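Understanding the architecture of this molecule
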There are 2 protein chains.
Amino acid sequence: MTDPLALGSTIGILGGGQLGRMLSVAAARLGFKTHIFEPGANPPAGHVADAVTTASYEDADALRSFAAACDVVTFEFENVPTAALDLIEAQVPIRPGREALRISQDRLTEKEFLQGLGLTVAPFADVSDAAAMATAVGKIGAPSILKTRRFGYDGKGQARLRTPDDADQAFADMNGAPAVLEGFVDFTHEVSVIAARSPAGDVACYDPGENVHRDGILHSTTVPANLTSSQRMDAVLLAAKVLNALDYVGVLGVELFVTRQGLIVNEIAPRVHNSGHWTQNGCTVDQFEQHIRAITGWPLGDGSRHADVVMENLIGDDMDRVPALAAEKDTALHLYGKAEVKAGRKMGHVNRITR
Amino acid sequence: MTDPLALGSTIGILGGGQLGRMLSVAAARLGFKTHIFEPGANPPAGHVADAVTTASYEDADALRSFAAACDVVTFEFENVPTAALDLIEAQVPIRPGREALRISQDRLTEKEFLQGLGLTVAPFADVSDAAAMATAVGKIGAPSILKTRRFGYDGKGQARLRTPDDADQAFADMNGAPAVLEGFVDFTHEVSVIAARSPAGDVACYDPGENVHRDGILHSTTVPANLTSSQRMDAVLLAAKVLNALDYVGVLGVELFVTRQGLIVNEIAPRVHNSGHWTQNGCTVDQFEQHIRAITGWPLGDGSRHADVVMENLIGDDMDRVPALAAEKDTALHLYGKAEVKAGRKMGHVNRITR
C-alpha cells in the first residue's frame, strides 16, 4: 500500500471504545467507512461506524471476515493479542506496524528500546521473580513503583513502594506477572507530545500538552504546556526520533517527565492518546484525523494550534456535571455514549477554550 | 417532552444525506444515538449512525417501527411527505414542528407568512394556471423568475424570464406545477443567518455569512460577511422574529438579499443549512450540534465565532482537487462519503481558516 487509500475505502479498527469512536468520526470526515472489531456488546464506536463485528480476539473466522472487509486495519489499544494480529496481517496491512506494538506492549522492552535511542528513562530493573525483586529493590531503592510489564493502563497493575519494606506486598500485588521496578523521578510536571508520521516519512507534532493525573488517571491536559522553548524543541525532536526509529505510520503519544536535568521519557503509546483530545478544538486537523491521514497515506494535515485549551476528562460521577458543562461558554463537550457510568470509567471530556 | 432528553436516547433523522450525516456525528458527540430513515441505498449518514431504516416514505410499517425506536425525530430536508410525518408524530415528537415545515414547503405560503411578520420579500405573484401567469407577468414584469411552489432546491424547478416574451416557455417548464413569479431584486450580495431556538424560547444566532452561488448552487460562504453593524443587527433580529413566530425548535437558515433599501428575505429553510457549514471550524459549537441541543432540550451552546472562515462546496469534479486540498495549510476537509461523483452533486466542502 504505497498509494493513498481511495475515498470510500474501509478502515478496520480493533477496539470499540472512545478512541475508536473518535477515529471513526474522523475517518468519515475524510470520506472513509469504518468497521469496528470489539468483543464487548454495544461498543461506543459502533454508534458512529459503518459496520461492527462483535466477536472475541480468539475467533479466527470472525477475524478473517473482518480483515477481508477492510482495506487497512488500525487499533485503539496496544494490547491486542498477537495471534489475532497475525491472522489479520496475513490479509491486510496493520498500521502502525507490529514492531511499535511489540515494543510498547512490554514496559521492559520499551525502556530498553528508548535507552538504545539515547533517550533518558527512569531507573528500572527487571522483576521476573521474587529473587529478582530483592535485587531490583537493592538497585533502585524506594520510593519506587512496581509495574506489570504487560497490560497495564490508567494506573492498573501498579504498586507503590514507599520504603523497601513494601517490597513483599508490591510483589504479591503483581500476582506472579513479570514486572519492572521503576525508580523515583524528581519531576516538576508531566507533558506529552502527540506526533504523527506518514508512510513517506513526514513527521508532524502537535504542541506539547501539560498533564495532571488524579488517582493514576489523566485528569487534564493544558496547552500550551509550561516549557521553555528549548524544552519544547527537545520534546518534539525526541518524539520524531522515536517515530523514525520505529519506521512508524500513524499517531503516537509520548509522555515525558520534566526535570531539572532534562526530559525523561515515561512511556510511549502507539495510538491516539487521551492527552491529545484538546486538538479537537485547538487545531484545524485533530489527532484522530491526523492518524487516519497517516495510515491511509494521505498528506498529514495542518496541526498548528489556534487556541489555548484545557482538556478535562469526565470520569464516573463527573457525568452529573454535564448539564452545567453544556451551558458553559467556550466549552466543547465530547461524550462517549457509554451505557453505564462506573467509578473510574472515562465517560467523556470537555475542551475549554481559554484564549 | 419538556425535560432535556436523557443521554443515550435515540434521535431519528429523516433523510440520509450529508446534513443527516453531520447531524449524526454531532448527536454522537453529545452521547446520543441516531437512527436514519432513508429510501435510497447506502446513505452517507448511515456510515456514522447507530441504525438505518431503508424504506420508502409510503411504507407505513417501516415508519411506525422507526418512530418506535426514536425518542425525538428531526429531518434534513423540508419536503418530507405529510402523511409520513402524520404517522411518525402519532408516536414521537417531531422537531422543528409541523408549522415550520408547512410554511417552508410552499414558496407562496412562506412569502405570505414573512410579509405578515412585516418583513420585506421580493415582489411576487401566484401562478396557478396560464391565466394567472399572464396576470403575474403584467404585475411583476421582467426580468423575473418563475419558481415551483413546492419541491425546489439548488436552482431546480426554476425558470428565468429575461423579457415578458419568455413567459410561455417558463410556464411550460413548470410542467403544470403551481408556481410563484418573483420579481427582480437589485441586491448587492446575499447573506444568510443561521439561528437556533430552544424549547424554552432561548435564541442564538451565528454571525451572518456571505454567500456566492454558481449555477444556482451555493459555491462559497465567507465570514464575516460584508455588512454594516446595523445590517448585522437587523439580520439577527429578523431571524429571531421568524423563530419566535413559528415557536420554532432547532436550527433555521434565513437567506437574505442585501439591497440599498435594506434586507430582503429570499427564503427560509427549517433545518441546518449549507451556508452554516463554516461553523464546524469557526465556532466551539457548530450548527449541527446546536440543532441537536435545541431539539433535545439541552442548553444552546456557545456559537460565537473564533475565526474568519471561507467555506467552499466541493461539487462534482471538484473531488479531483481533494489530494491538493488535503495538503493545504489552515484547511479542513469535510467529505460526505457519497459512492458516486455526479455533475452538480455536493460531494463535500472545505473550511479555510483565513485569520
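Everything numeric here is computed off the predicted structure, so don't read it as measured data.

Take the sheet that holds strand 7 (residues 158–161) of chain B next. Residues and elements named next belong to chain B. What the four strands build is an open sheet, ordered 5-8-6-7; its pairing is antiparallel. Looking at strand neighbours, the two that pair on one side only are strand 5 (124–127) and strand 7, the edges of this open sheet. Between one strand axis and the next, the sheet turns by 20° as a mean value, whatever way the strands run. By the bridge criterion, four bridges tie strand 5 to strand 8 (residues 179–183) in an arrangement that is antiparallel. Paired with V127 across the bridge in strand 8 is A179. Sheet contacts for helix 6 (residues 130–140): strand 5, strand 6 (144–148), strand 7 and strand 8; angle to strand 5, the most-contacted strand, approximately 170°.

Contacts between the two partners involve 38 residues from chain B and, on the opposite side, 38 residues from chain A. For the pair chain B and chain A, the summed buried surface comes to about 2800 Å²; carbon and sulfur atoms form 57% of the total. Taken together, the links from chain B to chain A amount to two salt bridges. A salt bridge links B:K329 to A:D302; the shortest N-O distance between them is 3.5 Å. In this assembly, chain B and chain A are joined by eleven residue pairs in polar contact (both at pLDDT 80 or more). Breaking the side of chain B that touches chain A down by element, the ones donating at least two residues are helix 1 (18–29), helix 11 (322–326) and strand 16 (331–335) of chain B. Looking at the side of chain B that touches chain A, its residues break down into 19 nonpolar, eleven polar and eight charged.

Residues and elements named next belong to chain B. On inspection of all chains with the given rule, the structure shows twelve aromatic pairs over all chains. For the ring pair F37 and F66, a centre distance of 5.3 Å and an interplane angle of 65° mean the geometry is edge-to-face. Of the two residues, F37 is situated in strand 2 (residues 33–38) and F66 in helix 2 (residues 60–69); the sequence distance between them amounts to 29 residues.

Thresholds, definitions, all that
Going along each chain's sequence as written, the residues are numbered from 1 onward. Ligands are numbered from 1 and chains lettered from A, in the order in which they are written. The predicted origin of the model limits local features to residues at a pLDDT of at least 70 and limits the giving and counting of side-chain atom pairs to 80 or more, whereas totals for whole chains, interfaces and linings rest on all residues. Excluded from the side-chain calculations are hydrogens and water; all other atoms, namely the structure's heavy atoms, are used. What makes two strands pair is DSSP finding at least two bridges between them. By definition, any uninterrupted DSSP run of H or I lasting at least four residues is a helix, any uninterrupted run of E lasting at least two residues is a strand, and each is numbered from the N terminus. Lines fitted to C-alpha atoms define the axes, with helix axes restricted to the stretch in contact, and inter-axis angles between N-to-C directions lie between 0 and 180 degrees. When checking whether two residues touch, look at their non-hydrogen atoms; a contact exists if any pair is within 4.5 Å. For any pair of parts, buried area is found by adding up, for both, the accessible area (1.4 Å probe) each one loses once the two are put together. When a carboxyl oxygen of Asp or Glu lies within 4 Å of a side-chain nitrogen of Lys or Arg, that pair is called a salt bridge. Two N or O atoms count as a polar contact when they lie within 3.5 Å, although within protein this holds only if one can serve as hydrogen donor and the other as acceptor, and sequence-adjacent residues are included solely when both atoms are side-chain atoms. All residues other than Ala, Val, Leu, Ile, Met, Phe, Trp, Tyr, Cys, Pro, Asp, Glu, Lys and Arg, Gly among them, are scored as polar; the first ten of these are nonpolar and the last four charged. For Phe, Tyr and Trp, rings pair up if their centres lie within 6.5 Å, where Trp contributes its six-membered ring, and each pair is then called stacked (planes under 30 degrees apart), edge-to-face (over 60) or tilted (otherwise).

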